[in-house]
Amino acid sequence: MVIAIDGPAASGKGTLAKRLALYYGLPHLDTGLLYRAVALTLLDAGRDLADEAAAAAAAQSLSPDFLGDPRLRGSAMGEAASIVSAQGAVRAALLDWQRRFAGAPAGAVLDGRDIGTVVCPDAAVKLFVTASAEERARRRHRELGGRGEPVAYEAVLADILRRDARDADRDAAPLRVAEDAVVIDTTSLDAEAAFRAATRVVDGRGGERG
Ligand SMILES: Nc1ncnc2c1ncn2[C@@H]1O[C@H](COP(=O)(O)OP(=O)(O)O)[C@@H](O)[C@H]1O
Ligand SMILES: Nc1ccn([C@@H]2O[C@H](COP(=O)(O)OP(=O)(O)O)[C@@H](O)[C@H]2O)c(=O)n1
């Protein structure tokens, strides 16, 4: 079974995706890491994030070994990722990679922005995880502080709003709720309650614990 999870920044989609993958015994791909890794490759090479040819080449030669780099998780790389991810050639280069992952025999859980709309339009389950921008900023602010990257709450909120707008307004695979997605608003749901809401949907589509 393929479970596609989309949503805006810091909505809790990664937390939910990991937990569902563990519960149903499926492999998990955080597709945001791919875009973050393309951005980091460019920055390490001293290239401009808007250099489309360099970004496409970085996406084509992306190595999975690179996805464990701790620098990928920082807030600067989220912003950089949203710049390279608006480029159609970057998205095209990463598409096959993501589809191969989703094609694993038992299925997979993928989370990102365009999984239910573009990468896996036939996924058995599509979830759109969201929360108010203020609640998402509170969560990310707490997370970054806990990881030793203290940033002012207002700066985190501004980053989230700017990134949401860029992701929703771009021409290439903009952030949208797929027609057949179930929306889970986690503004007042903790991670446990969000997980329970998601398992009700998955179980209803024939999902079996792995
Ligand atoms: N339902 C929830 N309620 C409160 N905090 C949450 C919830 N889901 C996730 N979090 C926390 O919010 C932060 C962002 O979650 P994450 O799963 O990384 O979001 P995303 O993958 O959408 O960017 C993390 O620190 C995570 O532990
Ligand atoms: N499937 C995806 C995943 C991420 N992205 C881009 O990559 C950026 C970082 O994504 P992420 O999921 O790691 O970010 P967070 O939601 O964790 O903050 C997003 O702002 C998007 O611009 C995308 O365009 N498509």
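Residues numbered from 1 in each chain as written. Chains lettered and ligands numbered in written order. Predicted model: local features only at pLDDT ≥ 70, side-chain atom pairs only at ≥ 80, totals over all residues. Heavy atoms only, no water.

The protein chain has the name Cytidylate kinase in an unreviewed UniProt entry, where Methylobacterium nonmethylotrophicum is given as its organism. Listed in UniProt under the heading Sequence similarities (unreviewed entry), the comment for the protein chain reads: "Belongs to the cytidylate kinase family. Type 1 subfamily." Database annotation for the protein chain, UniProt heading Subcellular location (unreviewed entry): "Cytoplasm". (UniProt positions renumbered as here; feature names shortened; annotations may be inferred.)

For helix 3 (residues 52-60), the full list of buried residues reads Ala-54, Ala-55, Ala-56, Ala-58 and Ala-59. Tucked inside the fold, the buried residues of helix 3 contact helix 2 (32-44) and helix 5 (88-102). (Buried < 20%, exposed > 50% of the residue type's maximum accessible area, 1.4 Å probe, protein only. Helix = DSSP H or I, 4+ residues; strand = E, 2+ residues; numbered from the N terminus. Contact = heavy atoms within 4.5 Å.)

To continue, consider the sheet that holds strand 3 (residues 108-112). Strand order across the open sheet formed by five strands is 2-3-1-4-5, with parallel pairing between neighbours. Bordering the open sheet on either side are strand 2 (28-30) and strand 5 (182-185), each of which pairs with just one other strand. Here the average twist between neighbouring strands, direction ignored, is 20°. (Pairing = 2+ DSSP bridges. Axes fitted to C-alpha atoms, helices over the stretch in contact; angles between N-to-C directions.)

Okay, the nonpolar core next. Counting residues in each nonpolar core, the largest one holds 33 residues, and the members touching the most others are Val-38, Leu-42, Val-90, Leu-94, Leu-110 and Cys-120. When contributions to this core are tallied by element, the ones reaching two or more residues are strand 1 (2-6), helix 2, helix 3, helix 4 (75-84), helix 5, strand 3 and helix 6 (115-119). The element best represented in this core is helix 2, accounting for eight residues. Discounting residues that sit within four places of it in the chain, Cys-120 has contacts with Val-2, Ala-102, Ile-115 and Lys-126. By size, the runner-up hydrophobic cluster in this structure holds 18 residues, among which are Leu-20, Val-129, Ile-184 and Val-202. (Core = buried A, V, L, I, M, F, W, Y, C linked by side-chain atoms within 4.5 Å.)

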